[in-house]
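Reading the structure
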Amino acid sequence: MSALWTLDAMVTAMHADRAGSLPKDVSGISIDSRTLAKGDAFFAIQGENRDGHEFVESALKAGAGFAVVMSGQENRFSGAPLVIVHDVLDALRDLARAARARARARVIAVTGSVGKTGTKDALRLALSAEGETHASASSYNNHWGVPLSLARCPASARYAVFEIGMNHAGEITPLTELVRPHVAIITTIEPVHLEYFGSLDKIADAKAEIFSGVESNGAAVLNRDNGQYERLADAARAAGIGRIVSFGEHDRADARLLRISLQADCSTVEARILGQAVTYRLGSPGRHLAVNSLAVLAAASLVGADLALSALALSNLKPASGRGARVVLTVPGGTVLLVDESYNANPASMRAAISLLGQAAVGDRGRRIAVLGDMLELGPSGTELHRAIAEVVDAAGIDLVYCSGPLMRSLWEALPSQVRGGYADTAAELEAIVLDAIQAGDVIMVKGSLGSKMGPIVRALERKFPRQAALAQAPAQG
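One structure accompanies this document, and this report is about it. (Residues numbered from 1 in each chain as written. Predicted model: local features only at pLDDT ≥ 70, side-chain atom pairs only at ≥ 80, totals over all residues. Heavy atoms only, no water.)

Examining the overall build of the chain
Stated precisely, the cut-off is as follows: Secondary structure elements are taken from DSSP: a helix is a run of H or I of four residues or more, a strand is a run of E of two residues or more, and numbering for both begins at the N terminus. In this description the radius of gyration comes from C-alpha coordinates, and the expected globular size is given by 2.2 Å times residues to the power 0.38. For each residue, the accessible area found with a 1.4 Å probe, counting protein chains only, is set against the maximum for its type, and the residue is called buried under 20%, exposed over 50%, and partly exposed in between. Contacts between residues were defined by any pair of non-hydrogen atoms, one from each residue, lying within 4.5 Å. Note on areas: Shrake-Rupley with a 1.4 Å probe; residue coverage comes only from the protein chains shown. Asp and Glu count as negative and Lys and Arg as positive, but His and the ends of the chain are not part of the count. To locate a charge, the coordinates of NZ of Lys, CZ of Arg, CG of Asp or CD of Glu are taken.
Across its full length, the chain carries 17 helices and 23 strands. For the chain, whose C-alpha radius of gyration is 23 Å, the value lies close to the compact-globule estimate of 23 Å for 478 residues. When the backbone C-alpha atoms are referred to their principal axes, the chain occupies close to 70 × 50 × 45 Å. Across the 478 residues that make up the chain, the buried fraction comes to 55%. Partitioning the contacts of the chain with sequence separation of at least 6, the portion at a separation of at least 24 is 64%. As displayed, the chain has an accessible area near 19900 Å², and 47% of this comes from carbon and sulfur atoms. Separation of charge centres in the chain, based on 47 positive and 50 negative side chains, amounts to 4 Å.

Laid out in structure tokens, this is it:
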């Protein structure tokens, strides 16, 4: 396996100095001393809460080939292998620019209010069927995650996929100008981070910043079913993008969903992608994922991948931890299916997750149970948006709802009494209530914004009830 970087190339790109005994080649790049691989270059980035220089010694002990440190800090690590730069994050950005300059890959960038990570992961799967594909790890989509992901891109990659996120206007522009995609996807525009923007139009304008980095003769892939489609299309044209490809169920969509068969753990999709008919199995369930798969296949076609191979690969798509991952847990008298949606939440993803829970098959006497935490950053509309979830709960036929957090109080009060499972001010207080309520045959879905701390409820369930399999079918229909 060839090196990711030679030391000389890295030092040149970052305008850096050297100290100590350094390796000739660099196998990888890390900013986390706990997870780095032997030989990685450790970048001592200044984070929001901790300074990466505090972890240089532990990174070197863990096997880092060297550490990238800020000038003036090198005296703290006498004799250690160091690469010294003016600013570590700026140096990482410089390395990212060098990675993009040397790349031969066709590059796709993904943003949107909902579905960025799932779409990125589906693209990685689809494109990997045809050639070496590099993609952002996890949700590395911010001011350090994007340059880190780009700097990790091997020169040999045929395709590269990057997720780009934002909380405020102006954050996407410098990131898309680093990535310089050939294709930019906006999955959808929804009331996410509404606290910082005040309107969907302003959210759309912030997402549309992705167009400023698109390469000449590039393309934009946009959701034709979304109310912001025309605004985004106008922004793409204003940025000089000549090809706009739409996807969705709209009868004029270029990548159009024709039919879908929704099952408990997968979907079968019939679509027309840029004029070509295709039928494929999607390994993860949900109409929202099926719609986003249209964008995946459209983008894959635009960068020259084989449509049939890309569609076939999607049968292996599985939801990630915290984003719909499913595990079967053993409980007295049988099993329960746990759906982990605890990584994040907003009104659109909450509606989708509850609708999907409503389609799940339960066991004998089993119930469909939603355990919900606050959706954050919604601004003055927060209370109303939480209360509106009651309509989705009713339409999906959810049997019991457990809520935590001050915003979820409004949903709790809007639910009929027979659906109210339990309420607590915090997720920590709700945990014991939920654990005591579970019984054989149930399907339980846990969801909330990351800040609402619903993840520990998932982990508590897995501690109390042994995991039967990484993913199994839902309990037999009773």
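Don't stop here, the text continues.
Describing the side chain of Ser349
Counting through the fold element by element, Ser349 comes out in helix 12 (residues 347–359). Ser349 has contacts with Val114, Asn344 and Lys447, leaving out every residue within four places of it along the chain.

Side note on the nonpolar core
As a reminder of what qualifies: Throughout, nonpolar core names a set of buried Ala, Val, Leu, Ile, Met, Phe, Trp, Tyr and Cys residues whose side chains join them through atoms within 4.5 Å.
Of all hydrophobic cores here, the largest spans 39 residues; its most connected members are Ile108, Leu123, Leu127, Ile185, Ile273 and Tyr280. Residue contributions to this core peak at 10 residues, all from helix 10 (residues 287–302). Setting aside its immediate chain neighbours within four residues, Ile108 contacts Leu123, Leu127, Ala160, Val161, Phe162, Pro181, Val183, Ile185, Ala299 and Val303. Formed by 36 residues, the second largest nonpolar core is a distinct cluster that contains Val146, Ala184, Ile189 and Ala208.

Topic: the environment of Leu262
With respect to the element layout, Leu262 can be found in strand 14 (residues 255–262). On the basis of relative accessible area, Leu262 is assigned to the partly exposed category, the value being 30%. Residues Leu262 and Ile84, spaced 178 residues apart in sequence, show a C-alpha to C-alpha distance of 55 Å. Apart from residues no more than four positions distant in its own chain, Leu262 is found in contact with Ser267, Gly286, Arg287 and Gln359.

Fair warning: the whole summary comes from geometry, so function is off the table for now.
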